[in-house]
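# A look at the structure
What follows is each chain in one-letter form.
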Amino acid sequence: MTTKEVLIKIVLIGDGAVGKTSIAKRYLGKEFEHEYIMTVGVDFFKKKSKIAIENVGEIDFVWHIWDLSGQPHWRHVRPTFYRGARGALLVFDVANKASYDDAPEWAKEFVKNAGRYPIVLIGNKIDLRESVPDCTTKDEGEALARRVAQIVDTDVPYIETSAKLGINIEDAFTLLANLVFKKIMDEIKAEREKS
Ligand code: GTP
């Protein structure tokens, strides 16, 4: 198989301040910022990375990462930003129960505006478990992933990250890359079988 670049648009979604921008910036190799700078509408990041795809080998991905503001204020402008997205990282904050409860609504917004494309659910800020009582547990995260899976109508993996400490960030993108790649291949196969 010749190596080609696969260009993929994904969105980072979830409530405000859960760490979406921090996750994107970590993936881009930037320093973690402690200060909260609210995303105004949308941020856009581009990154090339070689990713190991199961049963295929290494593929060059060109990520177009659209980091959507989680603030309710931007709800009305978000739909246009979803167009063409082939996957989503849906983030909640393990120390913020409301962001956990809101995750299914984010999945619905994604399906409505982008379609039934893969979602990876991320429980971020796991470093806070040491200092904040009653954080969401791994089991609760996995239970939420099963609820989100029913909305997207496909398996939704759950992964726990800390953008602050740089834990599992690469793995979250690798998981999504594998799911998106498989989905694209399945679509191509289905198209070929039709013609
Ligand atoms: P919106 O722009 O409102 O949608 O927010 P966002 O989801 O992009 O959150 P952002 O990345 O701006 O992070 C919000 C705050 O959480 C910032 O103060 C970050 O420093 C902090 N933060 C992000 N990730 C982590 C993490 O893993 N651990 C801790 N302790 N703080 C984090």
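The structure reproduced in this document is the subject of the present report. Not measured: the values here are computed from a predicted model.

### Topic: the overall build of the chain
- Counting its secondary structure elements, the chain contains five helices and six strands.
- What you see in the chain, going N to C, is helices and strands ordered as β-α-β-β-α-β-α-β-α-β-α.
- Radius of gyration (C-alpha) of the chain: 16 Å, near the 16 Å computed for a compact globule of 195 residues.
- C-alpha atoms of the chain, sized along the principal axes, occupy 55 × 35 × 30 Å.
- In the chain, which comprises 195 residues, the proportion classed as buried is 47%.
- Surface summary for the chain: the accessible area is close to 10500 Å², and the carbon and sulfur share equals 50%.
- Here the chain carries 29 positive and 30 negative side-chain charges, and the mean point of each set is 6 Å from the other.

### Focus on helix 4 (residues 138-152)
- Between its first and last C-alpha, helix 4 extends 21 Å over 15 residues, near the 21 Å set by a 1.5 Å rise per residue.
- Within helix 4, the full set of buried residues consists of G141, L144, A145, V148, A149, I151 and V152. Buried positions in helix 4, seen along its axis, are confined to an arc of 150 degrees and lie on one side of it. Those residues of helix 4 that are exposed and aimed more than 90 degrees away from the buried face are D139, R146 and Q150.
- With its phi angle positive at about 70 degrees, D153 sits one or two positions after the end of helix 4.

### Considering the pairing of strand 2 (residues 42-53)
- Inspection of the sheet shows strand 2 paired to strand 3 (residues 57-68) by twelve bridges, in the antiparallel sense. Its bridge partner lying in strand 3, D43 is registered against D67.
- The antiparallel pairing of strand 2 with strand 3 creates a hairpin that spans three residues between the two strands, and N55 there sits at a positive phi of about 65 degrees.

### Topic: the layout of surface pockets
- Put simply, the largest pocket is a space of about 560 Å³.
- Taken together, 30 residues make up the lining of the largest pocket; nearest its centre are G19, S22, E33, E35 and Y36.
- By residue number, the principal contributor to the lining of the largest pocket is helix 1 (residues 20-27), which donates five residues.
- Classifying every residue of the lining of the largest pocket gives nine nonpolar, ten polar and eleven charged.

### Here's the deal with the nonpolar core
- I13, L90, F110, I119 and L121 are the most contacted members of the largest nonpolar core, which totals 30 residues.
- Only strand 1 (5-13), helix 2 (78-82), strand 4 (87-93), helix 3 (97-113), strand 5 (119-124) and helix 4 provide two or more residues apiece to this core.
- The residues touching I13, leaving out its near neighbours within four places in the chain, are K20, L68, Y82, A88, L89, L90, V91, W106 and F110.
- Counting 28 residues, the second-largest nonpolar core is a separate cluster that includes L12, A24, I65 and V120.

### Remarks on the site of the ligand
- Looking at the ligand, there are 26 residues lining it, with K20, S22, E33, Y36 and T39 nearest.
- In this structure, an oxygen atom belonging to the ligand sits 2.8 Å away from a main-chain N or O atom of A17.
- Interatomic distance of 3.2 Å between a backbone N/O atom of V18 and an oxygen atom of the ligand.
- The protein chains hide 93% of the 650 Å² of surface that the ligand would expose on its own.

### Here's the deal with the packing of aromatic side chains
- For the structure on display, the rule yields ten aromatic pairs.
- Note on F44 and W66: the rings are 5.7 Å apart at their centroids and 75 degrees apart in plane angle, and the pair reads as edge-to-face. Here F44 is found in strand 2, whereas its partner W66 is found in strand 3, with 22 residues between them in sequence.
- Judged by its relative accessible area of 24%, W66 falls in the partly exposed class.
- One aromatic cluster in this structure is built from Y27, F61, W63, F173 and F181.
- Here the guanidinium or amino end of K47 rests over the ring plane of Y27, the centre of that ring lying 4.9 Å away.

Rules and cut-offs
Residues numbered from 1 in each chain as written. Predicted model: local features only at pLDDT ≥ 70, side-chain atom pairs only at ≥ 80, totals over all residues. Heavy atoms only, no water. Helix = DSSP H or I, 4+ residues; strand = E, 2+ residues; numbered from the N terminus. Rg over C-alpha atoms; globule rule 2.2 N^0.38 Å. Buried < 20%, exposed > 50% of the residue type's maximum accessible area, 1.4 Å probe, protein only. Areas by Shrake-Rupley, 256 points an atom, 1.4 Å probe, with all protein chains shown as cover. Lys, Arg positive; Asp, Glu negative; His and termini not counted. Charge placed at Lys NZ, Arg CZ, Asp CG, Glu CD. Expected span 1.5 Å × (residues − 1). Arc of directions from axis to C-beta. Pairing = 2+ DSSP bridges. 1 Å grid on protein atoms, 1.4 Å probe; cavity = no way out; pocket = protein on both sides within 12 Å on 5 of 7 lines; lining within 4 Å. Points joined across faces, edges and corners; volume = space filled by probe spheres on them. Nonpolar A, V, L, I, M, F, W, Y, C, P; charged D, E, K, R; others polar. Core = buried A, V, L, I, M, F, W, Y, C linked by side-chain atoms within 4.5 Å. Contact = heavy atoms within 4.5 Å. Near = heavy atom within 4 Å. Polar contact = N/O pair within 3.5 Å; in protein donor to acceptor, adjacent residues only side chain to side chain. Phe/Tyr/Trp six-rings, centres within 6.5 Å; stacked < 30°, edge-to-face > 60°. Lys NZ or Arg CZ within 6 Å of the ring centre and 35° of its normal.

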